[in-house]
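What follows is each chain in one-letter form.
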Amino acid sequence: MAPTSHLNNPPAQPWGVLYESTPGATSAPAKTLDELLTPEIEFVRVQWVDLINTVRFRVLPASYFRKLLANPRSRAGVGIAKAGFALVGLASAPGFDAVGEFLYVPELPSWRVCTYAPGHASVMGRFEEKVPRPDGSLAVPYCPRTLLRQVVRDAQEKAGVSFLVGVESEFILVRATEPEPVFACAADWSCSAKTRTGSTESAILEEIARDLLAAGIELQMYHAEAAPGQYEVITGPLPPLEAADALVFTRETIYNVAHKHGMRATFAPRLHNDSCGSGAHTHISVHAPPSAARPADEARAPSFTPTERSFVQGILSHLPAVCALTLPTAASYARMLDGIWSGGTYACWGTDNREAPVRACGPPGHHHFEIKSVDATSTPHLALAGILAAGVSGIREGALLAVGDCAKPAAEMSQEERAAVGLADPLRLPKTIEDARRAFAADQIMTSALGAEFVKTYIGINETLAKFLQGKDEKETIKKLIEYY
């Protein structure tokens, strides 16, 4: 007999830290420029992330940054070539050339002191047109932060829901990439042998932890992961835009601290055919006013609210398309296989089932959903925008949850077992990035939520990225992947 899910058992006392969301709230009160530019800050990194998850910035002396924001009659911002959005290495994606600039406008609520780089602070922003578009808008249709902000605003205004998001960041420490990759300590999952006192690995992890905490990011824990040289850093939940910004900062911290200690950190999705890959498992909780009971699909997930059931169904229905944003490289699909605890290839969910792309976590009344089909080659803001847009579409449609709790991996179920949980004719995840791009281009919810211009632009840039990452052989491809991500 298949094991019974704990979701069907009598209610238990909640466990763990219980988080609540307040729509429109931020994690910290706003500060003035004078409060932010303390004497210790010499330089400001005006920072953005492009459509291939490259972090880029311009470094401004603090005095010039202050001058930039001083005149209320002038829009504060830094001119950035429009082609900068489409740069992949030194190549430019189709549709972009040497003409034109955007204005990148800093947003002070995103300010963080770069604890990994003394004397520096970073600030994110939004891309705007220098001159309004014909419709009067200044918005750039493929600015990742603008897109995520719009999805979150639509969720609140049109569906009455808000979200909290936390992320598990898995990465591998590499001592060298030539002539072959040399990985850090090869001890196993959560083993003390992987974090010995006095080791370089332990020093790196402790410095990462201190830097994140000093920067105001909630660090929940860090630990050794299963693959050689692999570790994980888990950060706490924030509203979506803040969460994406914090994830950029977390990765920058990991990259920089590893480099300081003579190692390279890589978030490449999978480097070992005989061991685990690295994901960016994204935990999302859905917060909405109480809603009326909905018997039609209650049996599928008795402890979920109707809003949660519709949210999960929205994600599952559009997951093949969303994968173009969350799994954007060829290497991503070497990780998303059945049988290796990465989420598998069936569009399904399960309670604490690590072989399902959506894992239900947390006690009844305080659920959150781990989206496992995400890795760190994806741009955080775009990955979240796609996931949330899919989930919100389900909420707005009142979608009934069509798939029940998978108490065992779907790939290991018999045909009868799959039929019993609503997987008689299962939707499968893409096997390649080409399949994901096709699904993304055909998905009307993605086009409606993110815009036709974004979809077209993203696909063109993603195709250029695929060519860039392809080496002349497997060895060169792996080296490129390690060095770029």
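Further up the page is the structure itself.
Definitions and cut-offs
Residues numbered from 1 in each chain as written. Predicted model: local features only at pLDDT ≥ 70, side-chain atom pairs only at ≥ 80, totals over all residues. Heavy atoms only, no water. Pairing = 2+ DSSP bridges. Helix = DSSP H or I, 4+ residues; strand = E, 2+ residues; numbered from the N terminus. Buried < 20%, exposed > 50% of the residue type's maximum accessible area, 1.4 Å probe, protein only. Axes fitted to C-alpha atoms, helices over the stretch in contact; angles between N-to-C directions. Parallel < 35°, antiparallel > 145°, perpendicular 65-115°, else oblique. Left-handed = near helix turned anticlockwise from the far one by under 90°. Contact = heavy atoms within 4.5 Å. Nonpolar A, V, L, I, M, F, W, Y, C, P; charged D, E, K, R; others polar.

**Comments concerning the sheet that holds strand 2 (residues 55-61)**
Across the sheet, four strands lie side by side as 2-1-8-7; this open sheet has mixed pairing. Each edge of the open sheet carries a strand with a single partner, namely strand 2 and strand 7 (112-113). Pairing of strand 7 with strand 8 (residues 120-123) involves two bridges; the strand directions are antiparallel. Considered in strand 8, the bridge of Arg 112 is made with Ser 122.

**Digging into the pairing of strand 17 (residues 358-361)**
Each regular strand shows side chains that alternate between the opposite faces of the sheet. Neither face of strand 17 is open: one carries Val 358 and Ala 360, the other Arg 359 and Cys 361, and all of them are buried. Where strand 16 (residues 349-351) and strand 17 come together, three bridges link them in parallel fashion. Directly across from Gly 350, in strand 17, lies its bridge partner Arg 359. Here strand 17 folds back onto strand 18 (residues 368-371) in antiparallel fashion, the turn holding six residues, of which Gly 362 has a positive phi close to 80 degrees.

**Re the packing of helix 7 (residues 306-326) against helix 9 (residues 380-397)**
Remark: helix 7 packs on helix 9, axes separated minimally by 6 Å, with the N-to-C direction vectors making an angle of 140 degrees. Taken together, helix 7 and helix 9 sit at an angle that is classed as oblique. With respect to the hand of their crossing, helix 7 and helix 9 are arranged in right-handed fashion. Taking contact as the criterion, the partners of Thr 307, Ser 310, Phe 311, Gly 314, Ile 315, His 318, Val 322, Leu 325 and Thr 326 in helix 7 are, on helix 9, Leu 382, Ala 383, Gly 386, Ile 387, Leu 388, Ala 390, Gly 391, Val 392, Ser 393, Gly 394 and Ile 395. Of the residues that constitute the contact of helix 7 with helix 9, the class distribution is 11 nonpolar, nine polar and no charged.

**A few points about the sheet that holds strand 9 (residues 125-129)**
The three strands lie next to each other as 3-6-9, forming an open sheet whose pairing is antiparallel. On the outer flanks of this sheet lie strand 3 (78-81) and strand 9, each paired with one strand and no other. On average, each strand axis in the sheet is tilted by 40 degrees relative to the strand beside it, whichever way the strands run. For strand 3 and strand 6 (residues 101-106), the ladder comprises four bridges, and the chain directions are antiparallel. Pairing of Ile 80 across the sheet is with Phe 102, part of strand 6.

Read these as spatial facts, not as claims about activity.
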